[in-house]
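For reference, the chains in residue letters:
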Amino acid sequence: MRERVQLFGARRSLVGVVSVPDSVSGERPAAVLLNAGLIHRIGPNRLHVQTARALAEHGFVSARFDMSGRGDSDARADTVPWWEGSLAEIDQVLTALSATYGVTRFVLIGVCSGAALSLGRAM
């Protein structure tokens, strides 16, 4: 397993870390861990770091990233409502992971607002 910092989004302003297994299979879904409220990409008590690494050790590409205005990511420069902008940012990350690693299915993981966004994206 290796980890790499990756910039996501149209402005490349979303900072993330991708945990990549030794062998990537496009047949497995990638996991994307979403911010828990205002907590940056490491998650509560480093939960997202531990989860992403464990998933990568089991063969899943996994990513954790800071949504706009959190952690190392720049704040949004537009007037798009938070919910709509957040869902668009998730889509940008999914598109980048698909292009880079060949994955076509995803599992969104989150607590607090991350859980709400996971459900909102699924609908």
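Everything here concerns the structure above.
Residues numbered from 1 in each chain as written. Predicted model: local features only at pLDDT ≥ 70, side-chain atom pairs only at ≥ 80, totals over all residues. Heavy atoms only, no water.

## A word on the packing of helix 2 (residues 82-101) against helix 3 (residues 113-122)
Consideration 1: In contact at an axis separation of 10 Å, helix 2 and helix 3 are set at 75° when each is read in the N-to-C sense. In terms of orientation, helix 2 lies roughly perpendicular with respect to helix 3. Side by side, helix 2 and helix 3 meet where Trp82, Trp83, Ser86, Leu87, Ile90, Asp91 and Leu94 of the first sit next to Ser113, Ala116, Leu117, Gly120 and Arg121 of the second.
Consideration 2: Looking at the contact of helix 2 with helix 3 residue by residue, the classes come out as seven nonpolar, three polar and two charged. (Axes fitted to C-alpha atoms, helices over the stretch in contact; angles between N-to-C directions. Helix = DSSP H or I, 4+ residues; strand = E, 2+ residues; numbered from the N terminus. Parallel < 35°, antiparallel > 145°, perpendicular 65-115°, else oblique. Contact = heavy atoms within 4.5 Å. Nonpolar A, V, L, I, M, F, W, Y, C, P; charged D, E, K, R; others polar.)

## Regarding the packing of aromatic side chains
Consideration 1: This structure, assessed with the given rule, holds two aromatic pairs.
Consideration 2: Between Phe8 and Phe65 the ring centres are 6.2 Å apart and the planes differ by 65°, which places this aromatic pair in the edge-to-face class. In this pair, Phe8 is assigned in strand 1 (residues 2-8) and Phe65 in strand 4 (residues 62-65), connecting sequence segments 57 residues apart. Of the two residues, Phe8 and Phe65, neither departs from the other in class, the shared state being buried.
Consideration 3: Measuring from ring centre to ring centre gives 6.0 Å for Trp82 and Trp83, while their planes differ by 55°; the resulting arrangement is tilted.
Consideration 4: Given the relative accessible area of 37%, Trp83 is considered partly exposed.
Consideration 5: Lying over the aromatic face of Phe60, Arg28 brings its terminal NZ or CZ to 4.7 Å of the ring centre. (Phe/Tyr/Trp six-rings, centres within 6.5 Å; stacked < 30°, edge-to-face > 60°. Buried < 20%, exposed > 50% of the residue type's maximum accessible area, 1.4 Å probe, protein only. Lys NZ or Arg CZ within 6 Å of the ring centre and 35° of its normal.)

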